[in-house]
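Residue-level structure breakdown
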Amino acid sequence: MTTSELIQRDREWHPPAYTKDYKTSVARSPRNALLSLQNSDSELTGPTFGHSDFDLLDNDLIRNYAKSGDPIGERIIVHGRVLDEHGRPVPNTLVEIWQANAGGRYRHKKDTYLAPIDPNFGGCGRTLTDDQGYYVFRTVKPGAYPWRNWVNNWRPAHIHVSVFGTAFAQRLITQMYFEGDPLIAKCPIVKTIPDQRAIDQLVAALDLNATIPLDSIAYKFDIVLRGHRSTFFENRPEGN
Amino acid sequence: MVQPLNYLKESASQTAGPYVHIGLAPGAAGFDIYRTELGHDITGPNAKGDRITVVGTVTDGTGSPVKDVLIEVWQANADGTYPGRGAVEDGFRGWGRVIPDFDTGKFSFETVKPGAVMGRNGRPMAPHLNLWLVARGINIGLNTRMYFGDEDKANAADPVLNLIEQTHRRDTLIAKVDGSTYHFDICLQGDAENVFFDV
């Protein structure tokens, strides 16, 4: 079986490695140019996951860690599709998310922010997209929180998102922001992205059509992975 | 004006941040939530081939260990077959997640040594692990490869290693052998900086 190669990743759309105003990147960014590879099987294959890897509550952050009741916070639904650059759905692919609680505190041994841990909130979820590329999570809206960069930097409310696709070269981690948040435009991590349109694409829209009345408000967030490039005039036997 | 092309754009990457473990390895973040955490077992119990251990440290441009890095590994089995490309041993996923010790930054993982896999144009590639690094301060995941120090002949013919113009930099991708243990340090920046790929 052969799989066609991927469309070249647009490195002017993604953040560069070195972004001086996000200070941690300064010592963690390679200085040499990346070596561009034409795809081989090492890039075009990737891991797959099945429903037996997961439990029913894995995508419900309101319930998947609850001990004595529901977590504190604004109840939200985050839903959308994983698509490729041709607009085609990416089915049965793993989507993992993680986030702070409603107070802006992460359940992590390294987070020491003074906002309290929520005893009923873990802060992670995972799911497979369906055959149309749809996914859905239920959670609480994460809080903004301060972080050490300049002394007065605040992260906008965000949810971290990890997606696989079918090829290891499609692997992507990004962050989802919320419509209307004034902190987005101020954030040095957001501003590592050079193109405003690419930033806008990471802002989930308030989706009143998908809210659950008297229960949970909804945000819609589509995720786009690299597509496979067309292979006109290239129907050669493999290996030629 | 011309017709619009109407392709979608790939979602832009953002750093995985310091708390990536909550999402991808909650046990390392300090809590237990899932029945099965993904990525703990690259090979499964039935994999053929040489069982190996890979150890190393990821360092930054100041020489300090990157203790909050998360590395994903993707590899073929001992026959050189990737899952999805042919029959592999039952339970062989070929993929795993590696988290260093938060105090020292040293990582260690076990797998089987992969076989050579076919590259482009019918040229075999020397055995290698595909690695993807994410962390706080890494804006877009870094792709690199680990080759094996006991494969001199295959490495010398490898089409990817041969693309590296500065020949001394090829060594940044070759792990040192110590019995069944391979030592592979990854330097993000500086004189010993690894070769990273735009795949």
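In this report, we go over the structure that sits alongside the text. In this numbering scheme, every chain counts its residues from 1 along its sequence in written order. Chain labels run from A onward and ligand labels from 1 onward, assigned in the order the entries are written. Per-residue local features are limited, in this predicted model, to residues with pLDDT of at least 70; the limit for side-chain atom pairs, both in listing and counting, is 80 or more; totals at the level of whole chains, interfaces and linings are taken over all residues. Excluded from the side-chain calculation are hydrogens and water; included are all heavy atoms of the structure.

Let's talk about the environment of Arg63(A)
Residues and elements named next belong to chain A. Strands here are runs of E lasting at least two residues and helices are runs of H or I lasting at least four, both read from the DSSP assignment and numbered beginning at the N terminus. Mapped onto the secondary structure, Arg-63 falls in the loop between helix H2 (41–44) and strand S2 (75–84). Linking Arg-63 and Gly-122, residues 59 residues apart in sequence, is a C-alpha distance of 9.3 Å. For Arg-63, the residues in contact, after removing those within four places along its chain, are Leu-57, Asp-70 and Arg-138. What makes two residues a contact is simply this: any of their non-hydrogen atoms within 4.5 Å.

Things to note about the packing of aromatic side chains
Stacked, tilted and edge-to-face are the three classes assigned to paired rings of Phe, Tyr and Trp, where Trp is represented by its six-membered ring and a pair needs centres within 6.5 Å; plane angles under 30 degrees give stacked, over 60 edge-to-face, the rest tilted. Inspection of the entire model under this criterion finds 13 aromatic pairs over all chains. Centroid distance Tyr22(A) to Trp147(A): 5.8 Å. Interplanar angle 70 degrees. Geometry classified as edge-to-face. Of this pair, Tyr22(A) sits in the segment before helix H1 (24–28) while Trp147(A) sits in strand S6 (residues 145–147), and the two are 125 residues apart along the sequence. Trp147(A) shares its class with Tyr22(A); the two are buried. With centroids separated by 5.4 Å and ring planes inclined at 80 degrees, the aromatic side chains of Tyr106(A) and Tyr145(A) adopt a geometry described as edge-to-face. In this pair, Tyr106(A) sits in the loop between strand S3 (94–98) and strand S4 (124–128) while Tyr145(A) sits in strand S6, placing the two residues 39 residues apart along the sequence. Each member of the pair Tyr106(A) and Tyr145(A) is classed as buried. A positively charged side chain is recorded as over a ring if its NZ (Lys) or CZ (Arg) lies within 6 Å of the ring centre. The angle to the ring normal must also be within 35 degrees. Positioned over the ring face of Tyr34(B) is Arg126(A), at 3.7 Å from the centre of the ring. The buried label applies to any residue whose accessible area, calculated with a 1.4 Å probe on protein chains only, is under 20% of its type's maximum; exposed applies above 50%, and partly exposed to all values in between.

Overview of the side chain of Gln189(B)
As for its placement among the helices and strands, Gln189(B) is situated in the loop between strand S11 (186–187) and strand S12 (197–198). A residue is classified by how much of its surface remains accessible, and Gln189(B), at 11% relative accessible area, is buried. In protein, a polar contact means a hydrogen-donor-capable atom and an acceptor-capable atom, both N or O and within 3.5 Å, with residues adjacent in sequence counting only if both atoms are side-chain atoms; elsewhere, any N or O pair within 3.5 Å suffices. Side-chain polar atoms of Gln189(B) contact the backbone oxygen of Val26(A), separated by 2.8 Å. Only 2.7 Å separates the side chain of Gln189(B) from the backbone oxygen of Ser29(A), close enough to count as a polar contact. Here Gln189(B) is in contact with Val26(A), Ala27(A), Arg28(A), Ser29(A), Arg31(A), Asp60(B) and Gly61(B), once residues within four sequence places are set aside.

Brief notes about the pairing of strand S2 (residues 70–74) of chain B
Residue and element names in this part refer to chain B. Within S2, five of the five residues are buried, which leaves the element mostly enclosed by the surrounding structure. Here S2 shows a buried face lined by Leu-70, Glu-72 and Trp-74 and a second buried face lined by Ile-71 and Val-73. One ladder, built from five bridges, connects S2 with strand S7 (residues 128–134); its direction is antiparallel. The residue bridging Ile-71 from the neighbouring strand is Leu-133, located in S7. Between any two strands, pairing holds if DSSP finds at least two bridges.

Brief notes about empty space enclosed by the protein
Every definition here rests on a 1 Å grid over the protein atoms only: cavities are sets of points where a 1.4 Å probe fits but cannot get out, pockets are open sets enclosed by protein on both sides within 12 Å along at least five of seven lines, and lining residues have some atom within 4 Å of a point. Grid points are joined across faces, edges and corners, and a volume is the space filled by probe spheres set on the points. Applying the stated criterion across every chain yields a total of five cavities of 30 Å³ or more. For the largest cavity, the calculated volume is near 70 Å³. As for the largest cavity, its lining consists of Ser42(A), Glu43(A), Phe168(A), Ala169(A), Asn130(B), Leu131(B), Asn143(B), Thr144(B), Arg145(B), Phe197(B) and Val199(B). Every element with two or more residues in the lining of the largest cavity is listed here: H2 of chain A together with S7 and strand S8 (142–148) of chain B. Counting residues per element, the lining of the largest cavity draws most heavily on S8(B), which supplies three residues.

Examining unusual backbone geometry
Residues other than glycine seldom take positive phi values, yet Asn92(A) does so here, at roughly 55 degrees. Non-glycine residue Asn121(B) carries a positive phi angle of around 55 degrees. With respect to the helices, strands and loops of the structure, Asn121(B) is situated in the loop between strand S5 (117–118) and strand S6 (124–125).

A word on the interface of chain B and chain A
Contact with chain B, which involves 74 residues of that partner, is made by 92 residues of chain A. Throughout, buried area stands for the accessible area (probe radius 1.4 Å) lost by two parts on being put together, summed over both. Summed over both sides, the interface of chain B with chain A buries roughly 7,400 Å², with 54% coming from carbon and sulfur. The three residues of chain B that bury the most area against chain A are Glu10(B), Gln14(B) and Asp198(B), which together make up 12% of that side's buried surface. Definition used for salt bridges: Asp or Glu carboxyl oxygen within 4 Å of a side-chain nitrogen of Lys or Arg. Scanning the region where chain B abuts chain A turns up 11 salt bridges. Here Arg97(B) makes a salt bridge to Glu96(A), at a shortest N to O gap of 2.7 Å. Here chain B and chain A share 53 residue pairs in polar contact (both at pLDDT 80 or more) between them. Elements that contribute at least two residues to the side of chain B that touches chain A include exactly helix H1 (20–24), helix H2 (26–29), S2, strand S3 (95–98), S5, S7, S8 and S12 of chain B. Of the residues that constitute the side of chain B that touches chain A, the class distribution is 39 nonpolar, 18 polar and 17 charged. With two bridges connecting them, strand S1 (residues 35–36) of chain A and S12(B) associate as parallel partners. Among the inter-strand pairings, Leu35(A) is bridged to a residue of S12(B), identified as Phe197(B). Just so you know the grouping, Ala, Val, Leu, Ile, Met, Phe, Trp, Tyr, Cys and Pro go in nonpolar, Asp, Glu, Lys and Arg go in charged, and all remaining residues, Gly too, go in polar.

Here's the deal with the pattern of salt bridges
Residue and element names in this part refer to chain A. Tallying each qualifying case throughout the model produces 27 salt bridges over all chains. Across the salt bridge formed by Arg-229 and Glu-5, the nearest N and O atoms sit 3.5 Å from each other. Of this pair, Arg-229 sits in the segment after strand S12 (223–225) while Glu-5 sits in the segment before H1, and the two are 224 residues apart along the sequence. Its relative accessible area of 18% is what places Glu-5 among the buried residues. The salt bridge partner of Arg-138 is Asp-60, with a shortest N-O separation of 2.9 Å. Taken together, the residues span a long stretch of sequence, with Arg-138 in strand S5 (residues 134–140) and Asp-60 in the loop between H2 and S2 at a distance of 78 residues. This pair shows no difference in class: Arg-138 is buried, exactly as Asp-60 is. Through salt bridges with shared partners, a single ionic network connects Arg-63, Asp-70, Arg-75 and Asp-215.

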